[in-house]
Amino acid sequence: MQKIMDLASIGAIDGGGCARLALTDEDAAGRDLVVGWMHDLGLTVTTDVIGNVIGTWDVGDGLPVMTGSHIDTVRTGGKYDGNLGVLAGLEVIQTLQEASVTPPRPISVGIFTNEEGSRFAPDMLGSLVYVGGLSIEDALDIVGIDGARVGDELERIGYNGATPCPGFAPHAFVELHIEQGPVLERTDVTIGAVTGVQGISWQEVTITGQSNHAGTTPMSMRKDPSYVASKIAVFLRELADRYKGDQVCTVGKIDLFPNLINVIPAKAVLTLDVRNTDEETLSKAEREISDFILSLSRSEGVEISTRSLARFEPVIFNPEVIDIVEKVAMSKTPSVCRMPSGAGHDAQMLARVCPSAMIFVPSVEGISHNPAEFTDPEDLVMGTNILLQVLIELSNIEEFAS
Ligand code: HGY
Ligand code: MN
Ligand code: MN
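Residues numbered from 1 in each chain as written. Chains lettered and ligands numbered in written order. Predicted model: local features only at pLDDT ≥ 70, side-chain atom pairs only at ≥ 80, totals over all residues. Heavy atoms only, no water.

Below, the discussion takes up the pairing of strand β6 (residues 107–111). Counting buried positions along β6 gives five out of five residues, so the element sits mostly inside the fold. Bridge count between strand β4 (residues 53–57) and β6: five bridges; the pairing is antiparallel. When the sheet's bridge partners are listed, Trp 57 is paired in β6 with Ile 107. Handedness of the crossover is the feature at issue here: the chain leaves strand β5 (residues 65–69), passes through helix α3 (residues 83–98), returns alongside β6, and the resulting connection is right-handed. (Buried < 20%, exposed > 50% of the residue type's maximum accessible area, 1.4 Å probe, protein only. Helix = DSSP H or I, 4+ residues; strand = E, 2+ residues; numbered from the N terminus. Pairing = 2+ DSSP bridges. Right-handed = clockwise from strand over helix to strand, strands pointing away.)

Below is the structure:
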């Protein structure tokens with residue numbers, strides 16, 4: 001608990017949250033603090049070419065069992081998103097060391113770079129490169145919303161490590177994370193045995209119209225990007241309402257240029273975050289949105305270009321690991337349910353290279369990506385104890401069936 005508070009004090013913002021956007025000075029300070037804790041535990045610490053930090057307790061033999069998450073946050077982040085998974089991993093190692101319990105395999109804790117993706121898209125960038133899903137060359141050339149380049153920022157904060165990517169494929173991977181939604185609380189369940197992660201589609205849409213005088217330009221003559229951007233935002237909301245089920249759509253960012261009260265904008269740039277647990281439905285939503293955007297460009301006489309910022313299909317976690325999470329959780333509380341994750345996580349990338357799953361603990365009022373994010377301490381402790389037991393069970397498995 002103290003470590004959560006100490007880390008949360010870095011980049012602290014009003015309302016009790018954190019702002020540690022990836023590769024900023026605040027992110028670097030958070031990394032330095034946690035790396036210090038890794039050294040205190042006597043872990044072997046490596047930093048790879050995309051800045052992923054892996055702390056390994058070199059005991060036992062064979063491939064390590066890995067846990068971890070991220071410590072970068074969104075601009076209005078909370079104390080627990082990502083941070084819990086990293087600090088719980090360290091807590092597990094410290095607890096085993098203090099109890100003189102040596103697992104049969106090494107245990108690694110990962111801090112994955114830029115999980116949030118809000119400064120540099122895509123999200124889960126560090127774990128994606130770690131598993132070989134994106135070349136380091138392409139990753140280092142990504143330019144963020146502020147014009148900064150990933151490679152330059154990694155160098156600037158001193159986390160452009162030497163360890164190559166793809167990194168080693170662990171024996172298994174399990175991530176403890178807050179749910180970030182209302183399901184556990186609404187169903188009065190304490191632990192989620194996460195079955196997978198929904199599909200995600202991020203796009204940037206650039207609308208070019210014609211800046212003109214807000215007072216003199218007849219409505220019939222206008223080529224107004226802010227009107228078009230608003231129509232797209234409304235279309236997304238109505239699509240989600242039509243599709244119902246797991247369909248979610250968000251326009252989180254709209255920038256107008258020149259963004260002045262008496263100027264019809266020359267340009268609007270907005271982001272589309274569209275997700276669904278079902279790949280076919282997600283693709284259908286993308287097609288509908290693209291058709292709508294094309295029809296709008298014609299009817300409003302504006303030019304519209306789109307750029308994909310992230311596109312990950314839904315991921316199903318390893319059944320054996322999910323079973324172990326559920327079994328261990330049930331040994332501590334009867335209040336356990338299986339559920340998919342609405343948010344993206346590094347575990348969905350590690351699932352490409354090793355048996356992986358996740359443990360969820362409840363978010364009070366389902367709030368996250370918000371300084372008010374909160375999880376009851378006894379739930380944090382329960383989740384961490386389950387993580388400890390799951391890591392021990394995973395390290396005792398010789399061979400996974402799949
Ligand atoms: O956007 C997400 O789902 C995650 O927070 N990166
Ligand atoms: Mn997270
Ligand atoms: Mn997040």
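Picking up after the structure, the text goes on.
Turning our attention to the coordination of the manganese ion (ligand 2). Protein-derived ligands of the manganese ion (ligand 2) are His 70 (NE2), Asp 81 (OD) and His 177 (NE2), with the metal-ligand distances lying across 2.1 to 2.3 Å. Spacing between the donor residues of the manganese ion (ligand 2) along their common chain follows H-x10-D-x95-H. (Donors = N, O, S within 2.8 Å, 3.2 Å for Na, K, Ca; no water.)

Here we take up the site of ligand 1. Around ligand 1 lies a shell formed by Glu 115, Glu 116, Asp 123, Trp 202, Arg 275, Ala 343, Gly 344 and His 369. One nitrogen or oxygen atom from the side chain of Glu 115 is found 3.2 Å from a nitrogen atom belonging to ligand 1. Compared with its free state, where it exposes 220 Å², ligand 1 has 95% of that area covered by protein. Residue composition of the shell around ligand 1, grouped by class: two nonpolar, two polar and four charged. (Near = heavy atom within 4 Å. Polar contact = N/O pair within 3.5 Å; in protein donor to acceptor, adjacent residues only side chain to side chain. Areas by Shrake-Rupley, 256 points an atom, 1.4 Å probe, with all protein chains shown as cover. Nonpolar A, V, L, I, M, F, W, Y, C, P; charged D, E, K, R; others polar.)

Put simply, α3 and helix α12 (residues 377–395) touch, their axes get as near as 9 Å, and they point 65 degrees apart. When you trace α3 past α12, the crossing you get is right-handed. Residues Leu 84, Ala 88, Gly 89, Glu 91, Val 92, Thr 95 and Leu 96 of α3 lie in contact with α12, whose contacting residues are Leu 380, Thr 384, Leu 387, Leu 388, Leu 391 and Ile 392. Split into classes, the residues belonging to the contact of α3 with α12 amount to nine nonpolar, three polar and one charged. (Axes fitted to C-alpha atoms, helices over the stretch in contact; angles between N-to-C directions. Left-handed = near helix turned anticlockwise from the far one by under 90°. Contact = heavy atoms within 4.5 Å.)

With that out of the way, let us pick up the coordination of the manganese ion (ligand 3). Within the protein, Asp 81 (OD), Glu 116 (OE), Glu 116 (OE) and His 369 (NE2) serve as the donor atoms for the manganese ion (ligand 3), at 2.2 to 2.5 Å. Donor residues for the manganese ion (ligand 3), ordered by position in the chain, follow D-x34-E-x252-H.

One number sums up the size of the second largest pocket: a volume of about 240 Å³. What lines the second largest pocket is a set of 15 residues, among which Met 1, Leu 87, Ala 88, Glu 91 and Thr 384 lie closest to the centre. Broken down by secondary-structure element, the contributors of at least two residues to the lining of the second largest pocket are α1 (2–8), α3 and α12. Residues that form the lining of the second largest pocket fall into these classes: nine nonpolar, four polar and two charged. (1 Å grid on protein atoms, 1.4 Å probe; cavity = no way out; pocket = protein on both sides within 12 Å on 5 of 7 lines; lining within 4 Å. Points joined across faces, edges and corners; volume = space filled by probe spheres on them.)

Moving on to the domain arrangement of the chain. For the chain, the assigned domains read domain 1 (2–196 + 314–395) and domain 2 (199–312). Listed per partner, the contact involves 16 residues of domain 1 and 12 residues of domain 2. Both sides together, the interface formed by domain 1 and domain 2 hides about 890 Å², and carbon and sulfur atoms give 68% of it. Among the residues domain 1 hides against domain 2, the three largest losses belong to Ala 121, Asp 123 and Pro 314. Together they make up 49% of the total. At the junction of domain 1 and domain 2, the tally comes to zero salt bridges. (Domains from an automatic or database assignment. Buried area = accessible area lost by both parts, 1.4 Å probe. Salt bridge = Lys/Arg side-chain N within 4 Å of Asp/Glu carboxyl O.)

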